[in-house]
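# Reading the structure
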Amino acid sequence: MRFPRWLTVALIGLIGLGIVFRFVNLNHKVYWHDEAYTSLRAAGYTRSEIDQELFQNQVIPAIALQRYQQIKPESTAADTVRSLAVEDPQHPPLYFLMTRAWMQTVGDPLTGWFGSPLTVTRSLPALLSLLALPAMYGLAWELFASHPIALLATTLIALSPYDVLFAQTARQYSLLTVMVLTSSYLLLRAVRILQADTFHTATSQRHVTRHLLTWLNWGLYAIASAIGLYTQPFFALTLISHGVYVVICCQQSPTWRKQGWLISRFFWGAIAIALLLFSPWLVVMATNWQRATATTNWTQVTPGLTYLLKLWSLSFTSLFFDLDAGFNNPLTFLLRLPFLLLIGVSVYSLCRRTPLATWLFVVVTIAVPFLLLAVPDLVLGGKRSAVSRYLVSCYPGIQLAVAYFLATQLSMKRVYSGRSPTLTRHRTPYSLRPMPLTIWQTWFWRGVLGVVVLASLTSLTVSALAFSWWDKDLSFANNQTADLLNQKSAPIVMSEIGEDYTNTGDLISLSYRLKPDTPLLLLRSPAFVRTPEFAAKVQEKTAIAFRPS
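The rules behind the values
Residue positions are given per chain, counting from 1 as you read along its sequence in written order. Where local features are concerned, this predicted model is filtered to residues with pLDDT of at least 70; where side-chain atom pairs are given and counted, the filter is 80 or more; whole-chain, interface and lining totals use all residues. To get the side-chain values, take all heavy atoms of the structure and skip hydrogens and water. Should a side-chain nitrogen of Lys or Arg be within 4 Å of a carboxyl oxygen of Asp or Glu, the pair is scored as a salt bridge. The way it works is that DSSP assigns letters per residue, a run of H or I at least four long becomes a helix, a run of E at least two long becomes a strand, and they are numbered from the N terminus. The rule is simple: take the accessible area with a 1.4 Å probe, protein chains only, and divide by the maximum for that residue type; under 20% is buried, over 50% is exposed, in between is partly exposed. Take the residue count of a helix, subtract one, and multiply by 1.5 Å to get its expected span. Pairing of aromatic rings covers Phe, Tyr and the six-membered ring of Trp, with a centre-to-centre limit of 6.5 Å; geometry is then stacked below 30 degrees between planes, edge-to-face above 60, and tilted otherwise. Note on criteria: charge over ring means Lys NZ or Arg CZ within 6 Å of the ring centre, with the direction from the centre no more than 35 degrees off the ring normal. Should DSSP find at least two bridges between two strands, the strands are taken to pair. Between the N-to-C directions of two axes lies an angle of 0 to 180 degrees, each axis being a line fitted to C-alpha atoms and, for a helix, fitted only over the stretch in contact. Residues belong to a common nonpolar core when they are buried Ala, Val, Leu, Ile, Met, Phe, Trp, Tyr or Cys residues joined through side-chain atoms within 4.5 Å. Whether two residues are in contact is decided by their heavy atoms: any pair within 4.5 Å suffices. Polar contact criterion, stated in full: a pair of N or O atoms within 3.5 Å, where within protein one must be able to donate a hydrogen and the other to accept it, and residues adjacent in sequence count only if both atoms are side-chain atoms. Think of a 1 Å grid over just the protein atoms. A cavity is a set of points where a 1.4 Å probe fits yet cannot get out, a pocket is an open set with protein on both sides within 12 Å along at least five of seven lines, and lining residues have an atom within 4 Å of a point. Grid points are joined across faces, edges and corners, and a volume is the space filled by probe spheres set on the points. Residue classes follow a fixed rule: Ala, Val, Leu, Ile, Met, Phe, Trp, Tyr, Cys and Pro count as nonpolar, while Asp, Glu, Lys and Arg count as charged, and any other residue, Gly among them, counts as polar. What sets the label is the angle itself: under 35 degrees gives roughly parallel, over 145 gives roughly antiparallel, 65 to 115 gives roughly perpendicular, and the rest give oblique. Helix crossings get a hand from a simple test, with the near helix turned counterclockwise from the far one by less than a right angle marking a left-handed crossing and a clockwise turn marking a right-handed one.

Turning to the pattern of salt bridges, a few remarks are in order. Note on pairing: side chains with opposite charge can pair once their charged atoms come close. Applying the stated criterion across every chain, the model contains 14 salt bridges. Salt-bridge contacts for Asp 34 lead to Arg 389; the nearest nitrogen and oxygen are separated by 4.0 Å. Of this pair, Asp 34 sits in helix 2 (residues 33–43) while Arg 389 is found in the loop between helix 17 (356–379) and helix 18 (395–410), placing the two residues 355 residues apart along the sequence. By relative accessible area, which is 14% here, Asp 34 ends up buried. Residue Asp 51 is joined to Arg 47 by a salt bridge in which the shortest nitrogen-to-oxygen separation is 3.0 Å. Taken as a pair, Asp 51 and Arg 47 lie in helix 3 (residues 47–54) at a separation of 4 residues, close to a single helical turn. Here the two residues Asp 51 and Arg 47 agree in accessibility, since each one is buried. Bridged by salt links that share partners, the residues Glu 35, Arg 122, Asp 471 and Lys 472 form one connected network.

What follows covers helix 8 (residues 147–159). Under the 1.5 Å per step criterion, the end-to-end length of helix 8 is 18 Å for 13 residues, consistent within 8% with the ideal 18 Å. The buried fraction of helix 8 is high, at 12 of 13 residues. Listed as buried for helix 8 are Pro 148, Ile 149, Ala 150, Leu 151, Leu 152, Ala 153, Thr 154, Thr 155, Leu 156, Ile 157, Ala 158 and Leu 159.

Bringing the packing of aromatic side chains into the picture now. Using the criterion set out here, one finds 27 aromatic pairs in the structure. Between the aromatic rings of Trp 218 and Tyr 221, the centroid separation amounts to 6.1 Å while the plane-to-plane angle is 90°, which identifies the pairing as edge-to-face. Taken together, the residues Trp 218 and Tyr 221, both in helix 11 (residues 205–231) and 3 residues apart, mark about one turn of the helix. As far as the burial class goes, Trp 218 and Tyr 221 line up, both buried. Consider the rings of Tyr 221 and Phe 267, whose centres lie 6.0 Å apart with planes at 35°: the pair is tilted. Placement of Tyr 221 in helix 11 and of Phe 267 in helix 13 (residues 260–287) is noted, with a sequence separation of 46 residues between them. When sorted by exposure, Tyr 221 lands in the same class as Phe 267, which is buried. One aromatic cluster in this structure is built from Tyr 162, Phe 166, Tyr 173, Trp 312, Phe 316, Phe 370, Tyr 395 and Trp 470. Just above the ring of Phe 327 sits the side chain of Lys 310; from NZ or CZ to the centre is 4.9 Å.

Time to look at the sheet that holds strand 1 (residues 58–61). Strand pairing in a sheet is mediated by backbone hydrogen bonds. Such pairs are either parallel or antiparallel. As summarised here, the arrangement of the 4 strands in space is 1-3-2-4, forming an open sheet in which the pairing is mixed. Edge positions in the sheet fall to strand 1 and strand 4 (542–545), since each has one partner strand and no second. Neighbour to neighbour, the strand axes of the sheet diverge by 30° on average, direction disregarded. With 3 bridges connecting them, strand 2 (residues 491–495) and strand 3 (residues 519–522) associate as parallel partners.

On to unusual backbone geometry. Positive phi is not limited to glycine here, since Glu 74 has a value of about 65°. Among the secondary structure elements, Glu 74 is positioned in the loop between strand 1 and helix 4 (77–87). Judged by relative accessible area, which is 84%, Glu 74 ranks as exposed. Phi angles above zero are rare outside glycine, and Asp 473 is one such case at about 50°. Relative to the assigned elements, Asp 473 resides in the loop between helix 20 (437–465) and helix 21 (478–487).

Below, the discussion takes up the nonpolar core. In terms of nonpolar packing, the biggest core is built from 118 residues, with Trp 218, Tyr 221, Tyr 245, Trp 256, Phe 316, Phe 320 and Leu 406 touching the most fellow members. It is helix 10 (residues 173–197) that contributes the most residues to this core, 13 residues altogether. Not counting the four nearest positions on each side in its chain, Tyr 245 is found in contact with Leu 188, Trp 256, Ala 357, Leu 360, Phe 361 and Val 364.

So, about the environment of Thr 121. Position of Thr 121 among the secondary structure elements: in helix 6 (residues 118–129). Separated by 48 residues in sequence, Thr 121 and Thr 169 have C-alpha atoms that sit 8.4 Å apart. Those residues within four positions of Thr 121 in sequence are excluded, and the remaining contacts are Tyr 31, Ser 39, Tyr 95, Thr 99, Met 103 and Ala 170. Here Tyr 31 takes part through its side chain, which lies 3.0 Å from a polar atom of the side chain of Thr 121. A distance of 3.4 Å separates a polar atom in the side chain of Thr 121 from the backbone oxygen of Leu 118.

This paragraph deals with the environment of Gln 251. Following the sequence through the fold, Gln 251 ends up in helix 12 (residues 236–252). Relative accessible area serves as the criterion here: at 52%, Gln 251 is assigned to the exposed category. Along the primary structure Gln 251 and Pro 89 are separated by 162 residues, whereas in three dimensions their C-alpha atoms are 38 Å apart.

We now examine the layout of surface pockets. In this model, the second largest pocket occupies a volume close to 380 Å³. Taken together, 18 residues line the second largest pocket, and the ones lying closest to its centre are Glu 142, Leu 143, Trp 256, Ala 357 and Thr 358. Here the lining of the second largest pocket is composed, by residue class, of 12 nonpolar, 4 polar and 2 charged.

Bringing the packing of helix 21 against helix 22 (residues 503–511) into the picture now. Packing of helix 21 against helix 22 leaves a shortest axis separation of 9 Å and a crossing angle of 60°. Considering the angle they form, helix 21 stands oblique to helix 22. Judged by the sense of rotation from one axis to the other, the crossing of helix 21 with helix 22 is right-handed. Residues Asn 478, Thr 481, Ala 482 and Leu 485 of helix 21 lie in contact with helix 22, whose contacting residues are Asp 506, Ser 509 and Leu 510.

Here we come to the packing of helix 12 against helix 13. Orientation of helix 12 relative to helix 13, taken along the N-to-C sense of each, is 165°, at an axis distance of 9 Å. If you check the angle between helix 12 and helix 13, you find them roughly antiparallel. Relative to helix 13, the crossing made by helix 12 is left-handed. Contacts from Leu 239, His 242, Gly 243, Val 246, Val 247 and Cys 250 of helix 12 reach helix 13 at Gly 260, Ile 263, Ser 264, Phe 267, Trp 268 and Ile 271. Here the contact of helix 12 with helix 13 is composed, by residue class, of 8 nonpolar, 4 polar and no charged.

Here it is as structure tokens:
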């Protein structure tokens, strides 16, 4: 299988364009609630100590909130770990410690060069997301042993609107994508080397080398799995899918059966090592389990099947297209329908045309993480599977399936000139020879690839110019809110901690958009508004309540 040279060059150019999009307008979009908490945790603060300082019925300027986004004086990395362990145990500390180190190392220079502290915290996930490109190429090569498929898969993840969006988000999801890809690559590579190892005699030097490589790659897989768990607990979905894949292949794949018991022993040994390395944080999560469940209880709300179906379609198609006409507008989902069909046809083609060990890996890494989230939502209620960032483990498999399908349709081996010695010898200058069907098919699929690329580039362009996007969740409207407040004469913004305790993060988010000296009146309780002291503070000002209880 090979591509025309012009297509190869074009795909390499598109990968470069995807890299550029990751760094375009880094400080443009709303710095939403969760991102504010990334900076807060990395800086070594806890939300409780901030709330105690802020909500004291006092007036402060908006810019004062950003003090809690900078490294806490005399704090250490231990304060970052403690902040998470006490208040956010469902978030392991790796990414937050990386953010802290990044802020301490390049924080001042980047803020000075770009004029915004947002560039500092968002540049780290953007840089980390670049590691996903070689990881995707390596994974595709291990699966298909085809450079064109690997190149196309890398192009798809480089131009993915979803991947670029979260590459510009100061959270751990770009690192999670990297670890999903890296661990999958290391697993397949470790299995391949282990299988090759058994074909050599124990006395040969080559066998000794391969034997060392076997242990090395399984060791790297164990370390990568531990890093993935320390990045985000949802990485466990990837490990479960790997386990299902290994169990089925050891029983069903002809190429795995002879070494099945050995592969299983190495795999489960690597998983045991990864869990052992992650055990300190498992203890933290178990100790503060009540706090972890309280922080994530918003996922227990049952929105209904229609809502889930809508979010599933939006999540999976956002890998290729990320524009919409409104959540309740049918046009939004009609525009996504061709991409859903492409995903379905790609998975079907993969299952029909590739060996069991190949297609099973892709299908399992898509289906197992999704079902582990979706089935409880359908049976017990909840909306975990409707949260796009929880489905990160599923996305690489979809991109691999689409890359395989399109690459096989675009391969030059499918194109024939239609000539034969007999036809060529008897053809007259005036005869009309129809173009062979395979050439028409190839140009059709080139057109399909062009549409996919155009859809991605259009989505990336519109997103890059926007001040907010769907991933900003409860902070989505903060840009418009800030514009409204900035236009008011003598405004004073009133707020409290909020019934769901999210106002702290949203006020910090809002502060990046407000005029620096905009006064904020942060209330200890709503009853304060009935006091003479309150009336004195808002006298001759335009008093506006932000997210009141």
